[in-house]
Amino acid sequence: MLKILYFASLRETLGRGAESLELPGGVSDVSGLLQLLTARGGEWGQLATVKNLRYAVNQEMAQLDSPLRAGDEVAFFPPVTGG
Amino acid sequence: MLKILYFASLRETLGRGAESLELPGGVSDVSGLLQLLTARGGEWGQLATVKNLRYAVNQEMAQLDSPLRAGDEVAFFPPVTGG
Amino acid sequence: MPVRVQEADFDVSAELAALRQGDARIGALATFVGVVRDMNDGSGVSEMTLEHYPGMTEKALEAIVIEAKGRWNIFDALVIHRVGRLLPTEQIVFVAVSGAHRGETFAACEFIMDYLKTRAPFWKREVTAEGARWVDARETDDTAAKRWQG
Amino acid sequence: MPVRVQEADFDVSAELAALRQGDARIGALATFVGVVRDMNDGSGVSEMTLEHYPGMTEKALEAIVIEAKGRWNIFDALVIHRVGRLLPTEQIVFVAVSGAHRGETFAACEFIMDYLKTRAPFWKREVTAEGARWVDARETDDTAAKRWQG
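Definitions and cut-offs
- For every chain, the first residue of the written sequence is number 1, and numbering continues from 1 along that sequence.
- Here the convention is simple: chains get letters from A, ligands get numbers from 1, in the order in which they are written.
- Whole-chain, interface and lining totals are the exception, using all residues; otherwise, since this is a predicted model, local features are given only for residues with pLDDT of at least 70 and side-chain atom pairs are given and counted only at 80 or more.
- No hydrogens and no water enter the side-chain calculation; it runs on all heavy atoms of the structure.
- Contacts are assigned to residue pairs with any non-hydrogen atoms lying within 4.5 Å of each other.
- Two parts placed together each lose some accessible area; with a 1.4 Å probe, that loss summed over both constitutes the buried area.
- Between Lys or Arg on one side and Asp or Glu on the other, a salt bridge is scored when a side-chain nitrogen of the former is within 4 Å of a carboxyl oxygen of the latter.
- Counted as a polar contact is a pair of N or O atoms within 3.5 Å, where, for protein atoms, one must be capable of donating a hydrogen and the other of accepting one, and residues adjacent in sequence contribute only when both atoms are in side chains.
- Secondary structure counts use DSSP, requiring at least four H or I residues in a row for a helix and at least two E residues in a row for a strand, with both numbered from the N terminus.
- The pocket and cavity definitions rest on a 1 Å grid over protein atoms only: a 1.4 Å probe that fits but cannot leave marks a cavity, an open set with protein on both sides within 12 Å along at least five of seven lines marks a pocket, and residues lining either have an atom within 4 Å of a point.
- Grid points are joined across faces, edges and corners, and a volume is the space filled by probe spheres set on the points.
- Residue classes follow a fixed rule: Ala, Val, Leu, Ile, Met, Phe, Trp, Tyr, Cys and Pro count as nonpolar, while Asp, Glu, Lys and Arg count as charged, and any other residue, Gly among them, counts as polar.
- In this comparison the copies share one frame, found by least squares on the C-alpha atoms of residues holding pLDDT of at least 70 in both.
- Note on pairing: DSSP must find at least two bridges between two strands before they are called paired.
- What counts as a ring pair is set by centres within 6.5 Å for rings of Phe, Tyr and Trp (its six-membered ring), and what kind of pair is set by the plane angle: stacked under 30 degrees, edge-to-face over 60, tilted for all other angles.
- A positively charged side chain is recorded as over a ring if its NZ (Lys) or CZ (Arg) lies within 6 Å of the ring centre. The angle to the ring normal must also be within 35 degrees.

J.: Kindly report on the interface of chain A and chain C, identifying the contributing residues and their values.
T.: Often the size quoted for an interface is simply the accessible area lost on bringing the parts together. Every contact between the two is made by 20 residues of chain A and, on the other side, 26 residues of chain C. Among the residues chain A hides against chain C, the three largest losses belong to Gln59(A), Thr81(A) and Gly83(A). Together they make up 39% of the total. Measuring nitrogen to oxygen at the nearest pair gives 3.3 Å for the salt bridge that ties Glu12(A) to Arg125(C). At the junction of chain A and chain C, the tally comes to 14 residue pairs in polar contact (both at pLDDT 80 or more). Broken down by secondary-structure element, the contributors of at least two residues to the side of chain A that touches chain C are α1 (8-14), β4 (60-61) and β5 (73-77) of chain A. Take the side of chain A that touches chain C: its biggest share by element is 4 residues, from α1(A).

Written as structure tokens, this is what we have:
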């Protein structure tokens, strides 16, 4: 299972803050997961179009080619604006 | 009259923090006053030898050629070390 | 713990005393306080909500403090960041750095703020007269953070 | 008055509140606190006395604040400097700068400290195990101040 988290404007647009997902066979990195989620259609298309989408794997900033394994925590969010 | 002030290590070496002095005829700037004071001999020679002596005229940092007039407040002191 | 994420406000004097712990080697304390403004990008702001990523936020802030300690000869650093609902003039963030000399504490404090602004997962949502909006990231914050690289 | 020379200690939180005066345009507060260390130039320091030039000190500090306000887009600045006898861990100096954005407040705060160190007539006399001594000016302070020129 993957734990997937969405934050801020992305959480609002997608209408959820978290979900659990069985890691599909063909998905081995962040890019693959993004394609899978985008293919859901509707508001999920935003994952492909949102400006400067950020990703974290196991609470560390990640890249599109960062590998994914069962049990990972993956997060998608817009650029940070704290401070 | 000139009001002359001495601060910190200079005040201690000279044994005084302030004095009043009639501005002598030939003295027209800080340099002239320094020569006059140094000529007193003894510990006053230190005014000529102290490293990085600083001067202020009427509470503004001054140069050796800064002009002096009767009524001025002149101060001599070592480099500042506050903060 | 050099890093705290909390809803509660903080008192700068009390936090500085806790950071110092009476350590007489300290000669310099550089600090920064970020505050909610009543205006942003030309719109009046009546309130703000700060969202964060629990867990990752603390890790990211700790990593920034560790990096600052590696770059500069400082003794300690403290970061407090508030989350939840905040009103104009309320304190948002506090960074304090202790050291022997001021130059290194100033640099480390500014570095921590610049990295926090671009690397710590916080998001601001403002309420303005035109409605609520998520604050956009600033390019100037990216530029400020990039100064410290290479 | 943005400048105070006093024997009494100061409270950072209270001074920040007074500086801010509830002004909701403020988004950033950069501050610096200088503290008496128990060690200087390799000798243990048991106490220190700060002498100043009354009148000129205030003028010099005010001139530094005015110059900072001319160089950076800040709202206000406060400088408090203590004089008289001080012990290790006691606060010596406080500089606080308010503004809309952090970059200008950091720069102005560091500028004020660098200029204070080289232009404000204060002198430190330390008591060490080897006796009392006047503190020598540091070349690094001159270098720091020169950064801001031309």
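J.: I'd like to hear about empty space enclosed by the protein, residue by residue, with values.
T.: Enumeration over the complete set of coordinates arrives at 1 cavity of 30 Å³ or more. What the largest cavity holds in volume is close to 70 Å³. Every residue lining the largest cavity is listed: Arg54(A), Pro79(A), Val80(A), Lys117(C), Thr118(C), Ala137(C), Arg138(C), Asp141(C) and Asp142(C). Those elements that place two or more of their residues in the lining of the largest cavity are α3 (102-119) and α4 (139-146) of chain C. Looking at the lining of the largest cavity residue by residue, the class counts come to 3 nonpolar, 1 polar and 5 charged.

J.: Outline the relation of the copies chain C and chain D, supporting the account with residue identities and numerical values.
T.: Here chain C sits on chain D after a turn of 180 degrees about the axis and a move of 0.0 Å along it, with an RMSD of 0.0 Å. Considering both components of the superposition, the chain copies are consistent with a two-fold axis. A shared binding surface is used by both copies, with 100% of the interface residues of chain C retained as interface residues in chain D.

J.: Which residues make up the interface of chain C and chain D, and what values do they have?
T.: On the side of chain D, 40 residues touch chain C, which itself brings 40 residues to the contact. Both sides together, the interface formed by chain C and chain D hides about 3000 Å², and carbon and sulfur atoms give 54% of it. Joining chain C to chain D, the criterion identifies 4 salt bridges. For the salt bridge of Asp141(C) with Arg102(D), the shortest nitrogen-to-oxygen distance reads 2.9 Å. Between chain C and chain D we count 18 residue pairs in polar contact (both at pLDDT 80 or more) in total. When residues of the side of chain C that touches chain D are traced back to their parent elements, those giving at least two are α1 (12-20), β2 (28-35), α3 and α4 of chain C. In terms of residues, the side of chain C that touches chain D owes the most to one element, α3(C), which gives 9 residues. Of the residues contributing to the side of chain C that touches chain D, the split by class is 17 nonpolar, 10 polar and 13 charged. In this sheet, strand β2 (residues 28-35) of chain D lies alongside β2(C) in antiparallel orientation, the contact comprising 7 bridges. Across the sheet, the residue bridging to Leu29(C) is Val33(D), located in β2(D).

J.: Hey, could you go over the packing of aromatic side chains for me, with residue numbers and the actual values?
T.: Counting across every chain of the model gives 28 aromatic pairs over all chains. Among the aromatic residues, those joined into a cluster by ring pairs are Tyr6(A), Trp44(A), Tyr55(A) and Phe76(A). Across the ring face of Phe75(C), the terminal group of Arg25(C) is positioned such that the distance to the ring centre comes to 4.0 Å.

Shape is all these values report; function is a separate question.
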